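Coordinate analysis (summary)
Spelled out, the chains give:
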Amino acid sequence: MSGIVSCSLRYFTATAIRRRSSGLSLQTLFPSGASLTSGLRAPTSSAPPSHGTPSPSPSLLSVMSTSSRNSSFSADHSDITYLTQEQATNIDVELFGDYGFTIDQLMELAGLAVATAIAKAYPPPSKAPPPKVLICSGPGNNGGDGLVAARHLKWFGYDPCIFYPKQTAKPIFAALRRQCEEMEISFMSFLPDANLVDNNFTLAVDALFGFGFKPPVRPEFVEVLQKMCRFKTPIVSVDVPSGWDVETGPHQDSIKPDMVVSLTAPKKGMQNFHGKHYLGGRYIPDSLAAKFNLKLPRYPGTELVVQLG
Ligand SMILES: NC(=O)C1=CN([C@@H]2O[C@H](COP(=O)(O)OP(=O)(O)OC[C@H]3O[C@@H](n4cnc5c(N)ncnc54)[C@H](OP(=O)(O)O)[C@@H]3O)[C@@H](O)[C@H]2O)[C@H](O)CC1
Ligand SMILES: [K+]
């Protein structure tokens with residue numbers, strides 16, 4: 001579909017939703033009429049993925065860098081590092097400074113890790129309409145991870161739809177939005193109430209705030225988080241459940257995600273989380289892990305994520 005036609009359709013969709021904002025039906029946006037909560041296959045296994053790769057020969061081992069055997073990366077998940085907000089920020093500074101990464105690179109890997117973890121934990125059915133996934137993206141890089149994840153989820157057989165209430169003019173975010181639009185991923189102009197979300201979406205991705213969140217939630221996001229608290233549709237949080245204190249975790253009125261995909265390393269606020277928990281962000285060089293004394297799980301083979309719980 002040409003850009004102009006798809007833009008017109010998107011405008012129509014957003015307008016239609018605005019007009020129906022009282023007693024609204026999402027039929028216009030979701031004409032299939034199918035129950036969107038149906039049909040996710042049960043996870044095949046809750047165990048971490050097996051290695052499945054042949055052991056390297058002794059000669060190969062002798063030329064492997066120390067990286068694959070570095071003590072910072074361990075198969076034991078019980079003593080991994082949980083980061084403070086300051087540590088997470090400092091690691092980011094190093095990655096983008098001395099290590100020369102760009103935000104585009106890491107955000108792509110982060111968003112791909114999120115989509116991969118979702119595909120492992122909530123595999124799409126092979127013979128059914130693609131499951132609808134609501135992506136709630138915030139104004140910072142956490143929101144950018146959500147936009148990237150939406151694109152990969154579409155490739156993986158889901159039907160993502162994005163709520164992105166506070167957009168910035170930064171080129172990276174404009175580009176991510178455009179990429180989603182060109183993949184015919186819809187943007188919603190408002191967040192539907194919980195009952196509509198529950199009836200129309202199989203999953204919700206919380207990409208509002210990550211480790212850059214400073215409590216308390218400002219007024220512009222209070223209603224959004226209140227609505228999300230009422231979702232029965234399972235929520236997958238990116239890096240940090242939005243509204244949680246990065247270090248001390250949830251409070252009484254916090255969202256309760258079914259799953260969290262931590263990035264780089266889990267944050268301290270996740271220490272008592274008992275839901276499904278994956279780690280992604282396979283880009284930390286050994287020397288950086290050593291510098292911050294990070295204990296991280298080993299990613300087996302070609303895996304982009306590791307299941308922690
Ligand atoms: N190294 C990695 O692992 C990578 C992680 N990535 C992801 O990036 C986020 C951190 O991104 P950052 O942009 O630093 O921060 P957030 O997206 O978490 O949040 C910042 C925005 O949120 C606004 N904010 C902060 N507090 C509040 C509040 N109380 N109420 C409302 N809004 C709030 C803040 O607004 P300002 O006006 O204060 O600027 C920002 O707009 C990390 O968690 C990962 O998900 C990268 O994608 C890749 C590398
Ligand atoms: K989040």
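Shown above is the structure to which this text applies.
What you see is a predicted model; the values in this text were computed from it and never measured. (Residues numbered from 1 in each chain as written. Chains lettered and ligands numbered in written order. Predicted model: local features only at pLDDT ≥ 70, side-chain atom pairs only at ≥ 80, totals over all residues. Heavy atoms only, no water.)

Examining the overall build of the protein chain
From N to C terminus, the protein chain includes 9 helices and 10 strands. For the protein chain, the proportion of its 309 residues judged to be buried stands at 48%. Put simply, 75% of the contacts in the protein chain that link residues at least 6 apart link residues at least 24 apart. Summed over all atoms, the accessible surface of the protein chain reaches about 14800 Å², with 55% contributed by carbon and sulfur. (Helix = DSSP H or I, 4+ residues; strand = E, 2+ residues; numbered from the N terminus. Buried < 20%, exposed > 50% of the residue type's maximum accessible area, 1.4 Å probe, protein only. Contact = heavy atoms within 4.5 Å. Areas by Shrake-Rupley, 256 points an atom, 1.4 Å probe, with all protein chains shown as cover.)

Here's the deal with the site of ligand 1
If you check the shell around ligand 1, you find 22 residues, and the closest are Asp92, Asp145, Gly210, Asp239 and Thr264. Note that a nitrogen atom of ligand 1 is positioned 2.7 Å from one of the backbone N or O atoms of Pro216. When ligand 1 is considered free in solution it has 950 Å² of accessible area, and contact with the protein chains removes 83% of it. Of all the elements in the fold, those that place two or more residues in the shell around ligand 1 are α3 (85-96), α4 (103-121) and α5 (141-155). At 3 residues, α5 tops the list of elements feeding residues into the shell around ligand 1. (Near = heavy atom within 4 Å. Polar contact = N/O pair within 3.5 Å; in protein donor to acceptor, adjacent residues only side chain to side chain.)

Structural notes on the pairing of strand β3 (residues 159-163)
With 4 of its 5 residues buried, β3 lies for the most part within the structure. Both strand β2 (residues 132-137) and β3 contribute to a ladder of 5 bridges, which runs parallel. Each residue of the ladder has a partner; that of Ile135, found in β3, is Ile162. Each parallel crossover has a hand, and the one from β2 via α5 to β3 is right-handed. Pairing analysis gives 3 bridges linking β3 to strand β4 (residues 186-188), with the strands arranged parallel. (Pairing = 2+ DSSP bridges. Right-handed = clockwise from strand over helix to strand, strands pointing away.)

So, the sheet that holds strand β7 (residues 259-263)
Taken in spatial order, the 8 strands make up an open sheet running β4-β3-β2-β5-β6-β7-β8-β10, and their pairing is mixed. Edge positions in the open sheet fall to β4 and β10 (305-307), since each of these has one partner strand only. Averaged over neighbouring strand pairs, the angle between their axes works out to 25° when direction is ignored. The strands touched by α4 are β5 (203-207), β6 (235-238), β7, β8 (276-280) and β10; relative to β7, the strand with the most contacts, the crossing angle is about 150°. (Axes fitted to C-alpha atoms, helices over the stretch in contact; angles between N-to-C directions.)

Focus: the coordination of the potassium ion (ligand 2)
Coordination of the potassium ion (ligand 2) by the protein is provided by Asn142 (OD1), Asp206 (O), Phe209 (O), Val238 (O), Val240 (O) and Ser242 (OG), with metal-donor distances spanning 2.6 to 3.1 Å. For the potassium ion (ligand 2), the 6 donor atoms in the first shell make angles of 70 to 166° at the metal, a pattern classed as irregular. Binding-site remark: the potassium ion (ligand 2) is held by donors from one chain whose sequence spacing is N-x63-D-x2-F-x28-V-x1-V-x1-S. With a gap of 98 residues between them, Asn142 in helix α5 and Val240 in the loop between β6 and β7 connect regions that are remote in the sequence. (Donors = N, O, S within 2.8 Å, 3.2 Å for Na, K, Ca; no water. Tetrahedral: all angles 85-135°; square planar, octahedral: opposite > 155°, others 65-115°.)

Some points on the pattern of salt bridges
A complete count under the given rule lists 12 salt bridges for this structure. Ionic pairing is found between Lys291 and Glu94, a salt bridge with its closest N-O pair at 2.8 Å. One end of the pair, Lys291, is in helix α9 (residues 286-291); the other, Glu94, is in helix α3, and 197 residues separate them in sequence. A relative accessible area of 52% means that Lys291 is categorised as exposed. Taken together, the salt bridges that share partners define one network made up of Lys166, Arg218 and Glu220. (Salt bridge = Lys/Arg side-chain N within 4 Å of Asp/Glu carboxyl O.)

Concerning unusual backbone geometry
Generally, phi is negative for residues other than glycine and the peptide bonds are trans, each holding for most cases. A cis geometry characterises the amide bond from Pro215 onward to Pro216, with omega recorded as 0°. Residues other than glycine seldom take positive phi values, yet Glu184 does so here, at roughly 60°. Looking at the element boundaries, Glu184 is found in the loop between α6 (171-182) and β4. Using a relative accessible area of 40% as the deciding quantity, one classes Glu184 as partly exposed. Non-glycine residue Asn293 carries a positive phi angle of around 55°. Looking at the secondary structure, you find Asn293 in the loop between α9 and β9 (296-297). With a relative accessible area of 58%, Asn293 lands in the exposed category.

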